[in-house]
Protein chains: 2
Amino acid sequence: MSIRIGIYGYGNLGRGVENAIRQNPDMQLVAVFTRRDPASLEIKTEGALVYHADELSKMTDKIDVLILCGGSAKDLPMQTPEMAKLYNVVDSFDTHAKIPQHFENVDKAAREGKKVAIISVGWDPGMFSLNRMYAETILPDGKSYTFWGKGVSQGHSDAIRRIDGVLDAKQYTIPVEAALDAVRSGENPELSTREKHIRECFVVAEDGADKCRIEEEIKTMPDYFADYDTIVHFISKEELVRDHSGIPHGGFVIRSGKTGENLENNHIIEYSLKLDSNPEFTASVIVAYARAAFRLNNNGETGCKTVFDVAPALLSPKSAEELRKNLL
Amino acid sequence: MSIRIGIYGYGNLGRGVENAIRQNPDMQLVAVFTRRDPASLEIKTEGALVYHADELSKMTDKIDVLILCGGSAKDLPMQTPEMAKLYNVVDSFDTHAKIPQHFENVDKAAREGKKVAIISVGWDPGMFSLNRMYAETILPDGKSYTFWGKGVSQGHSDAIRRIDGVLDAKQYTIPVEAALDAVRSGENPELSTREKHIRECFVVAEDGADKCRIEEEIKTMPDYFADYDTIVHFISKEELVRDHSGIPHGGFVIRSGKTGENLENNHIIEYSLKLDSNPEFTASVIVAYARAAFRLNNNGETGCKTVFDVAPALLSPKSAEELRKNLL
């Protein structure tokens, strides 16, 4: 019997989850829930239905895990606790500073509903967090570094679009190669914000807009760009669509640490991702954790979990025997 | 109260475990057990005692976790089941083909003794296994690659030493850069044994030995060298000691996989290790899993586990709140 999945929210992430479910034969998409008019949505899974979000409370006997594909700013802080009373849920809440509060809210709701909720699943938070934790635990005397990119930052792209005279924009976060090399050498360098990442911007300006002023406004924008070396390119609308429509991302988690009687031996642990599609990869991680949520709840567990709390074997469709025989 | 550790076997790995315990303030080395004369062992931990292995059955109330530092060929198949009846244990059993049988034997003993045993801990098997599993589960449509090195292979070094006329030798396994690049490009190449690794040998020959014959014997040795491109250097005893006394190792686990409606997006997950000391890094992983073994048994669990079965948070000395706040 396959694991019956519901998706709440059908943007880039929701569509990614739909695709990922098709790559996992033990899972089945039952329904997509939307706050839009259900008739306006065209999904790709035969046999799955589209419902208005108002119907969410009525499907509890037909769905094993509900995957929440809303945004971290406005949707998930409300939706995840609400839904964790009714369903096993997985979300990708990624506002790092607010995770402890979100955890408390979701934990209370999931215990009340006797469900399992796994929050902050994806790659950062998610796989990167796991790798930070494993590496720090193995090498207590050391230093950890996280680099992001090369990839599109939605928040920074949006910030540029709000500038007067800008029609559209894409911003890439790029790790500085020299910084990566210094970390890999075991030097444990102290790196400033500027030394770790470059920001490269592709901007479509309105006809006749003052490009010098736009470039200046970008480069001096506090929080977003002022602390970085920022490169600005003005291109045409056509070039933006042709060359910058993808949503690639990735990054590096590196720990450099020492062992030995006099800490004379150095070790480098490096985990990296190079992703053609940020939302599709995030969705693939989420779907694996949906399998774990289902199994944990079947084993009688309830409450909120993160990637730290989930034994790796619970993610895999393979049996424990198969894993030991073929992957250990 | 700290976790009280015993070490059984005081070779490179045992000494590495002793050092690693000193890097973990919540742990304390209580005793080292040896089959040699205890008076012949000089350990570095003040307050810890050295006992003959015959005393192992008498310390069950003084040790929380016994770390088994013997070899996989002859020691662990006997020792781990025997000790799992008395103690929570961790071993680094690394004969991949025999893991299922070892698991069965240890599981039976640990259940009998109501203890937790975690087997095959280290980096391969161990962290590499975990990364193979996480990556394969996240990207079901893809291909996984494991490369080893650059590092010393003890087995291959020993094989060279058995050749007539050879006084000493060190063999390095080296991944082929072009193969790594092909994998990282997402091409999913089929790679032969020869295409993946080079074997480089540093050999000290007896005075007057026939170096041509030795080189030929190395390069044509079945299983060990015949299927590889092998480089042989003859050097002096002094050069071997000066330049090749370390035990570095490492390697790469790479998965390349596709997502999307038509599998049009490629993703690369890469995990790599660059280790100055193979046994010390292995020891550092083992010590983290000793913490988990202690906690699992305290929670009422018994039986044999592998890295796949252990929730990541159990490895860390930090609380769940701390992990969520600072590492998620």
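No experiment lies behind these values; they were computed from the predicted model shown. (Residues numbered from 1 in each chain as written. Chains lettered and ligands numbered in written order. Predicted model: local features only at pLDDT ≥ 70, side-chain atom pairs only at ≥ 80, totals over all residues. Heavy atoms only, no water.)

On to the overall build of chain A, then. A count of helices and strands for chain A gives 11 helices and 14 strands. Computed over its C-alpha atoms, the radius of gyration of chain A comes to 22 Å, within 12% of the 20 Å expected for a compact globule of 328 residues. Projected onto the principal axes, the alpha-carbon positions of chain A cover approximately 65 × 60 × 35 Å. Sorting the 328 residues of chain A into buried and exposed places 59% on the buried side. Once local pairs closer than 6 in sequence are excluded, the contacts in chain A between residues at least 24 apart make up 68%. As displayed, chain A has an accessible area near 13,700 Å², and 47% of this comes from carbon and sulfur atoms. Looking at charge distribution, chain A has the averaged site of its 39 positive side-chain charges lying 5 Å from that of its 49 negative ones. (Helix = DSSP H or I, 4+ residues; strand = E, 2+ residues; numbered from the N terminus. Rg over C-alpha atoms; globule rule 2.2 N^0.38 Å. Buried < 20%, exposed > 50% of the residue type's maximum accessible area, 1.4 Å probe, protein only. Contact = heavy atoms within 4.5 Å. Areas by Shrake-Rupley, 256 points an atom, 1.4 Å probe, with all protein chains shown as cover. Lys, Arg positive; Asp, Glu negative; His and termini not counted. Charge placed at Lys NZ, Arg CZ, Asp CG, Glu CD.)

One finds Ile118 and Tyr289 of chain A together with Ile118 and Tyr289 of chain B to be the most contacted residues of the largest nonpolar core, which totals 162 residues. Among residues more than four places away in sequence, those in contact with Ile118 of chain B are Val89, Val90, Asp91, Tyr289, Ala292, Ala293, Leu296, Lys305, Thr306 and Val310 of chain B. (Core = buried A, V, L, I, M, F, W, Y, C linked by side-chain atoms within 4.5 Å.)

Moving on to unusual backbone geometry. Cis geometry is found at the peptide bond from Gly149 of chain A to Lys150 of chain A, where omega equals 0 degrees. Within the element layout of this structure, Lys150 of chain A appears in the loop between β7 (142-148) and β8 (151-152). Of note, Leu263 of chain B is a non-glycine position whose phi angle comes to about 50 degrees, a positive value. Mapped onto the fold, Leu263 of chain B is located in the loop between β12 (249-259) and β13 (265-275). Residue classification places Leu263 of chain B among the partly exposed positions, given a relative accessible area of 35%.

With that settled, consider the packing of helix α4 (residues 127-138) of chain A against helix α10 (residues 278-298) of chain B. Packing of α4 of chain A against α10 of chain B brings their axes to within 8 Å, and their N-to-C directions diverge by 105 degrees. Judged by the angle between their axes, α4 of chain A and α10 of chain B are roughly perpendicular. Counting all contacts with α4 of chain A, which are made through Tyr134, Thr137 and Ile138 of chain A, the residues of α10 of chain B involved are Phe281, Ser284, Val285, Ala288, Tyr289 and Arg291 of chain B. Taken together, the residues of the contact of α4 of chain A with α10 of chain B sort by class into 6 nonpolar, 2 polar and 1 charged. (Axes fitted to C-alpha atoms, helices over the stretch in contact; angles between N-to-C directions. Parallel < 35°, antiparallel > 145°, perpendicular 65-115°, else oblique. Nonpolar A, V, L, I, M, F, W, Y, C, P; charged D, E, K, R; others polar.)

Here we come to the sheet that holds β8 of chain A. Residue and element names in this part refer to chain A. Spatially, the 4 strands line up as an open sheet ordered β8-β9-β10-β11, and their pairing is mixed. Here the strands that pair on one side only, and so sit at the sheet edges, are β8 and β11 (229-234). Relative to β11, strand β10 (residues 197-205) is paired through 6 bridges, and the arrangement is parallel. Following the sheet pairing, Phe202 is matched in β11 by His233. Along the sheet, helix α5 (residues 154-161) contacts β8, β9 (166-175) and β10; its crossing angle with β9, the most-contacted strand, is approximately 145 degrees. (Pairing = 2+ DSSP bridges.)

This brings us to the side chain of Thr34 of chain A. All names here are of chain A. Considering the arrangement of structural elements, one finds Thr34 in strand β2 (residues 27-34). Polar side-chain contacts of Thr34 include one of 2.9 Å to the backbone nitrogen of Arg36. Other than its neighbours up to four places away in sequence, Thr34 contacts Leu41, Val50, Tyr51, His52 and Ala53. (Polar contact = N/O pair within 3.5 Å; in protein donor to acceptor, adjacent residues only side chain to side chain.)

A separate point is the pairing of β9 of chain A. All names here are of chain A. Summarising burial for β9: 9 of the 10 residues are buried, a large majority. Relative to β9, β8 runs antiparallel, the two being bridged by 2 bridges. Across the sheet, residue Gly151 finds its bridge partner in β9, namely Thr173. As defined by bridge partners, β9 adjoins β10 across 9 bridges and the pair is classed as antiparallel. Note on β10: the bridge partner recorded for Pro175 is His197.

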